[in-house]
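# Architecture and fold: a report
What follows is each chain in one-letter form.
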Amino acid sequence: MSELDHQVSLPSRGQSVASASAATRRPARAATLRQQNIREHALAYTFLAPSLLLFVVFLFYPLLKSVYLSLHSTDPTGRIAAFVGFDNFTGLFASGLFVSGMKVTALFALFTVPTGMLIALVLAAFTHHLRRGRRFFQFAYSLPLVLSVGSAAVIWKFLFHPILGMLNYLLGLAGVGPVPWLISPDWALWSVSLMTVWMNLGFNYIILSSGMQGVPDELYESAKIDGAGPMTTFRKITLPLLSPTLFFLLVVSVISAFQSFGQINILTSGGPMNRTNVFVYTIYQEAFVNFRFGTGSAQALLLFLVILLLTLIQFKWVERKVHYQ
């Protein structure tokens, strides 16, 4: 019996030794994994450090500084004069600057965003099915992208000249009288919107053309075999599969329209009669012309909130129409 007990007890001792060694290895393995995770996180933050530094210097610090300035009044040199709380915000609504600037900006976005997307969509659909000359048309339609806002605005300012401009010259050849493009309150916003649509055409075209290239050709072939026409194919196949690209372009275009400044500053300077005085230009006037940095910062924060609200609305309701698969 004692020998049998001894033989039976040997495996139990071995099991206890193995379990003890496994128990000692688990903390060591866990410590090794923790050290590895720490090294990976340290390496990741090391690579992210330059980008994070740029974000802090050029995004987060200016945002916090704007919040601070919006609660204070400043002297003509830009130094803090007194704490005024929310008086800068209430003064904007009382004076009507916020409402008038937002009306002009909303009209500008309404003129430019749908028109620019529609023209780019038509051009992208036209070049997508071309067999010859596709490269040439793609190059030609993408050319506005290489120009800066300042260069494009200077070119169009010459085109819009009431006497020497090429546009009025061509209208004269067609028997149409000259149009006061930038000097008439009725035409100024339309003229700036026309220039903006042309300027954004290259970006819109490239995005939509790239989205169309992602649509499988097998779907078009199947639709052609089933007898679907070009319009039916475009409506039933291209548009649903292109909806993620259209949604992205819509969000980016709305944000860009509400931040437009360069072409307004060069072409009209907010005039005539404040018909092109978009909200960003009012911020520029308050902060850098009138040196009211407190009011200008309050306007900038309100613009940030408006753009944020519009983006959230688009993601809340417009994204429901998007087909990701």
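Each remark here, short or long, concerns the structure printed above.
Now for a look at the structure at hand. (Residues numbered from 1 in each chain as written. Predicted model: local features only at pLDDT ≥ 70, side-chain atom pairs only at ≥ 80, totals over all residues. Heavy atoms only, no water.)

### Concerning the overall build of the protein chain
How we decide: Where helices and strands are cited, they refer to DSSP runs of H or I of at least four residues and of E of at least two residues respectively, numbered from the N terminus. Just to be clear, the radius of gyration here is over C-alpha atoms, and the globule rule we use is 2.2 Å times residues to the power 0.38. For each residue, the accessible area found with a 1.4 Å probe, counting protein chains only, is set against the maximum for its type, and the residue is called buried under 20%, exposed over 50%, and partly exposed in between. Every residue pair with non-hydrogen atoms within 4.5 Å of one another is taken to be in contact. Asp and Glu are treated as the negative residues and Lys and Arg as the positive ones, with His and the ends of the chain left uncounted. Charge positions come from single atoms, namely NZ of Lys, CZ of Arg, CG of Asp or CD of Glu.
Counting its secondary structure elements, the protein chain contains 12 helices and 2 strands. For the protein chain, the sequential pattern of α-helices and β-strands runs α-β-β-α-α-α-α-α-α-α-α-α-α-α. Taken over C-alpha atoms, the radius of gyration comes to 31 Å for the protein chain, far larger than the 20 Å a tight globule of 325 residues would show. Structurally, the protein chain occupies a C-alpha span of about 125 × 75 × 30 Å along its principal axes. Burial status across the protein chain gives 34% buried among its 325 residues. Put simply, 67% of the contacts in the protein chain that link residues at least 6 apart link residues at least 24 apart. Between the averaged position of the 22 positive side-chain charges in the protein chain and that of its 12 negative side-chain charges there is a distance of 5 Å.

### Regarding the packing of helix 2 (residues 87–95) against helix 12 (residues 293–317)
In plain terms, the rule: Lines fitted to the C-alpha atoms define the axes, with helices restricted to the stretch that makes contact. Angles between their N-to-C directions range from 0 to 180 degrees. By definition in this entry, angles of less than 35 degrees are roughly parallel, angles greater than 145 are roughly antiparallel, angles of 65 to 115 are roughly perpendicular, and the rest are oblique. Under the scheme applied, nonpolar residues are Ala, Val, Leu, Ile, Met, Phe, Trp, Tyr, Cys and Pro; charged residues are Asp, Glu, Lys and Arg; polar residues are all the others, including Gly.
In contact at an axis separation of 9 Å, helix 2 and helix 12 are set at 75° when each is read in the N-to-C sense. In terms of orientation, helix 2 and helix 12 fall into the roughly perpendicular class. Only Gly294, Thr295, Ala298, Gln299, Leu301 and Leu302 of helix 12 make contact with helix 2, whose side of the interface consists of Asn88, Phe89, Leu92 and Phe93. Partitioning the contact of helix 2 with helix 12 into residue classes produces 6 nonpolar, 4 polar and no charged.

### Details of the nonpolar core
Under the convention used in this document: Within this scheme, the nonpolar core is defined by two criteria: the residues are buried Ala, Val, Leu, Ile, Met, Phe, Trp, Tyr or Cys, and they are joined through side-chain atoms within 4.5 Å.
The biggest cluster of nonpolar side chains holds 49 residues, and the ones touching the most others in it are Met102, Met195, Leu208, Phe258 and Leu303. Of all the secondary-structure elements, those providing two or more residues to this core are helix 2, helix 3 (97–128), helix 5 (149–159), helix 7 (188–213), helix 9 (230–258), helix 10 (262–267), helix 11 (279–289) and helix 12. With 12 residues, helix 3 is the single largest residue contributor to this core. The contact partners of Leu208, leaving out residues within four places of it in the chain, are Met117, Ala120, Leu121, Ala124, Leu242, Thr245, Leu246 and Leu249.

### Re the packing of aromatic side chains
Cut-off, in case you're wondering: Two aromatic rings, drawn from Phe, Tyr or Trp (for Trp, its six-membered ring), form a pair once their centres lie within 6.5 Å of each other, and the interplanar angle then sorts them: stacked below 30 degrees, edge-to-face above 60, tilted otherwise.
Summed over all chains, the structure comprises 20 aromatic pairs. Here the aromatic rings of Tyr284 and Phe288 are separated by 6.2 Å at their centres, their planes lie at 35°, and the arrangement is tilted. Of the two residues, Tyr284 and Phe288 are both situated in helix 11; the distance of 4 residues between them amounts to about one turn of the helix. Look at Tyr284 and you get partly exposed, because its relative accessible area is 29%. Take Phe288: its relative accessible area is 55%, and that puts it in the exposed class. The structure contains a cluster of three or more aromatic residues connected by ring pairs, namely Phe261, Tyr281, Tyr284, Phe288, Phe291 and Phe293.

### Here we look at the pairing of strand 2 (residues 80–83)
Applied cut-off: Whether two strands pair comes down to DSSP finding at least two bridges between them.
As paired strands, strand 1 (residues 72–74) and strand 2 are joined by 3 bridges and run antiparallel to one another. The partner of Thr74 across the bridge, within strand 2, is Ile80. As consecutive antiparallel partners, strand 1 and strand 2 are separated by 5 residues, and within that stretch Gly78 has a phi angle of approximately 95°, a positive value.

### Some thoughts on the packing of helix 11 against helix 12
Rule in force here: In this scheme, a crossing is called left-handed if the near helix is turned counterclockwise away from the far one by less than a right angle; it is called right-handed if the turn is clockwise.
Taken N-terminus to C-terminus, the directions of helix 11 and helix 12 make an angle of 160°; their axes are 7 Å apart at the nearest point. Compared by their axis directions, helix 11 and helix 12 come out roughly antiparallel. In the crossing of helix 11 with helix 12, the sense of the turn from one axis to the other is left-handed. In contact with Phe279, Val280, Thr282, Ile283, Glu286, Ala287 and Phe288 of helix 11, helix 12 contributes Phe293, Thr295, Gly296, Gln299, Ala300 and Leu303. Taken together, the residues of the contact of helix 11 with helix 12 sort by class into 8 nonpolar, 4 polar and 1 charged.

### Here's the deal with the pattern of salt bridges
Quick note on the threshold: What makes a salt bridge here is a side-chain nitrogen of Lys or Arg within 4 Å of a carboxyl oxygen of Asp or Glu, nothing more.
The full count for this structure, using the stated rule, is 3 salt bridges. As a salt-bridge pair, Asp186 and Arg275 come within 3.8 Å of each other at their nearest N and O atoms. In this pair, Asp186 sits in the loop between helix 6 (166–173) and helix 7 while Arg275 sits in the loop between helix 10 and helix 11, placing the two residues 89 residues apart along the sequence. The exposure class assigned to Arg275 is partly exposed, which follows from its relative accessible area of 38%. Notably, a salt bridge pairs Glu286 with Arg292, separated by 3.6 Å at the nearest N-O pair. On the basis of relative accessible area, Arg292 is assigned to the partly exposed category, the value being 46%.

### Section: a positive patch on the surface
Rule in force here: Residues qualify for a patch when their relative accessible area is over 30% and they have no salt bridge, like charges being joined within 9 Å and the nonpolar side chains of Val, Leu, Ile, Met, Phe, Trp and Tyr within 5 Å. Calculation of accessible area relied on Shrake-Rupley with a 1.4 Å probe; when residues are assessed, cover is drawn exclusively from the protein chains displayed.
A surface patch of like charges, here positive, comprises Arg131, Arg134, Arg135 and Lys224. When you line up the elements, Arg135 lands in helix 4 (residues 134–142).

### Regarding a nonpolar patch on the surface
The grouping of Phe139, Leu143, Leu145, Val146, Leu147, Ile155, Phe203, Ile206, Phe248 and Val252 at the surface amounts to a nonpolar patch, some 830 Å² of accessible area in total. Mapped onto the nonpolar patch, the elements with two or more residues apiece are helix 7 and helix 9. Classification of Leu143 as partly exposed rests on a relative accessible area of 38%.

### Details of the environment of Arg292
Mapped onto the secondary structure, Arg292 falls in the loop between helix 11 and helix 12. Sequence-distant contacts of Arg292, that is, excluding residues within four places in its chain, are made with Thr74, Glu286 and Ala287.

Nothing here speaks to function; it is all geometry.
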